[in-house]
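Coordinates in review
Given next are the chains, with one letter for each unit.
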Amino acid sequence: MQSTPTQQRVSAYLNQLQERICAKVVALDGTDFKEDSWDRPGGGGGRSRVLTEGRIFERAGVGFSAVFGPQLPPSITSQMPGAKDQEFFATGVSLVFHPRSPHVPTVHMNYRYFETAGNDEQGPTWWFGGGADLTPYYPVREDVIHFHQTLKNACDLHDLAYYPRFKQWCDEYFYLKHRNEPRGVGGIFFDYQTGDFEALFAFVQSCGDSFLEGYPAIVERRHEMPWTEQERDFQLYRRGRYVEFNLVFDRGTTFGLQTNGRTESILMSLPPLVRWVYNWQPEPGSKEAELYEIYLKPTDWLA
């Protein structure tokens, strides 16, 4: 598939976003990322950056990819409007940060762009997707509000309807159906956004840039708070929910594995340590119970 100006512009922005986020993390943590550049069999490649055993982050992974090929697998085209047996291009940046401290939330962010070649009757089709969401273990309402406010500010620059619509989509998407609970306190999520390319590309750039305003401020406020072994155990237990979602429901994981992506890069989002406890229940009135009773519910945090 011949590279197009839109592909080049989006890839250049996402590549630069990876650079800026990694630079901010290194400034916070003091630990450098290990970088792997890789080629994808069939076309394209990417750059994976992983920070391991840092001062603040137990693992922080930031991946960039730009891949292409003759056609997407049927299991993917059935979920994507307009994508049939056509050449495709996909580029994205995705990150997951797993902090050491139970008082610092795990965070996920992903922004991506798809384009298919089309055919004689139908020209190229394209769409944007992505979002960011927060998964705290011992939440502080101030932090949850701050995270959502930065996302709302980015959305409101472009359309006042975006934040409420994409927040609800996030609440519905990052939901573990088999557990009957959300993964965290949400954020925004959207997919298959097409129409005015310039307007949507500007929107995605605002969302990507907002990450640097939203999450690092929470890290700076919380990473030096002391924690107990009980709090650490609860953090490892709740990380299990992250693993379950990524391996069962996450579209990015599915897309990467089904298009012969680099497995190490796809699964770098998983935490280095995790624990499952049979039929665990929080003690009534505990801080752990507060997470379930107050925060793990769809909530208008900016009301």
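Keep in mind it's a predicted model, so treat the numbers as computed, not measured.

Quick look at the layout of surface pockets now. The volume enclosed by the largest pocket comes to roughly 840 Å³. Surrounding the largest pocket, 45 residues form its lining, Ser 94, Asn 110, Gly 252, Thr 253 and Gly 256 being those nearest its centre. Elements with a contribution of two residues or more to the lining of the largest pocket: strand 2 (44–52), strand 3 (57–69), strand 4 (88–99), strand 5 (106–116), strand 6 (125–135), strand 9 (186–193), helix 7 (251–258) and helix 8 (263–266). Each residue belonging to the lining of the largest pocket can be placed in one class, and the counts come to 17 nonpolar, 21 polar and seven charged. Reported here for the second largest pocket is a volume of approximately 200 Å³. As for the second largest pocket, its lining consists of Lys 34, Asp 36, Ser 48, Val 50, Thr 52, Arg 59, Arg 262, Glu 264, Ser 265, Leu 267 and Met 268. Top contributing element to the lining of the second largest pocket by residue count: strand 2, with three residues. Residues belonging to the lining of the second largest pocket are distributed by class as follows: three nonpolar, three polar and five charged.

Spatial ordering of the open sheet is given by 1-2-3-4-5-6-9, a layout of seven strands whose pairing is antiparallel. If you trace the sheet from one side to the other, it starts and ends with strand 1 (34–39) and strand 9, each paired once. Taking each pair of neighbouring strands and ignoring which way they run, the sheet shows an average axis angle of 5°. Where strand 5 meets strand 6, eleven bridges bridge the pair, whose relative direction is antiparallel. What sits directly across from Arg 112, in strand 6, is Gly 129. Packing against the sheet, helix 5 (residues 197–222) makes contact with strand 3, strand 4, strand 5, strand 6 and strand 9, and its axis sits at approximately 15° to strand 6. Its contacts with the sheet put helix 6 (residues 229–248) on strand 3, strand 4, strand 5 and strand 6, and the angle it makes with strand 4 is roughly 165°.

Running from N to C, helix 6 and helix 9 (residues 287–295) point in directions that differ by 30°, and their axes come no closer than 11 Å. Taken together, the axis directions place helix 6 and helix 9 in an arrangement best described as roughly parallel. Residue-level inspection shows Gln 230, Glu 231, Phe 234, Tyr 237, Arg 238 and Arg 241 of helix 6 in contact with helix 9, the latter providing Lys 287, Glu 288, Leu 291 and Tyr 292. Its residues assigned to classes, the contact of helix 6 with helix 9 comprises four nonpolar, one polar and five charged.

Thresholds applied
- Residues numbered from 1 in each chain as written.
- Predicted model: local features only at pLDDT ≥ 70, side-chain atom pairs only at ≥ 80, totals over all residues.
- Heavy atoms only, no water.
- 1 Å grid on protein atoms, 1.4 Å probe; cavity = no way out; pocket = protein on both sides within 12 Å on 5 of 7 lines; lining within 4 Å.
- Points joined across faces, edges and corners; volume = space filled by probe spheres on them.
- Helix = DSSP H or I, 4+ residues; strand = E, 2+ residues; numbered from the N terminus.
- Nonpolar A, V, L, I, M, F, W, Y, C, P; charged D, E, K, R; others polar.
- Pairing = 2+ DSSP bridges.
- Axes fitted to C-alpha atoms, helices over the stretch in contact; angles between N-to-C directions.
- Contact = heavy atoms within 4.5 Å.
- Parallel < 35°, antiparallel > 145°, perpendicular 65-115°, else oblique.

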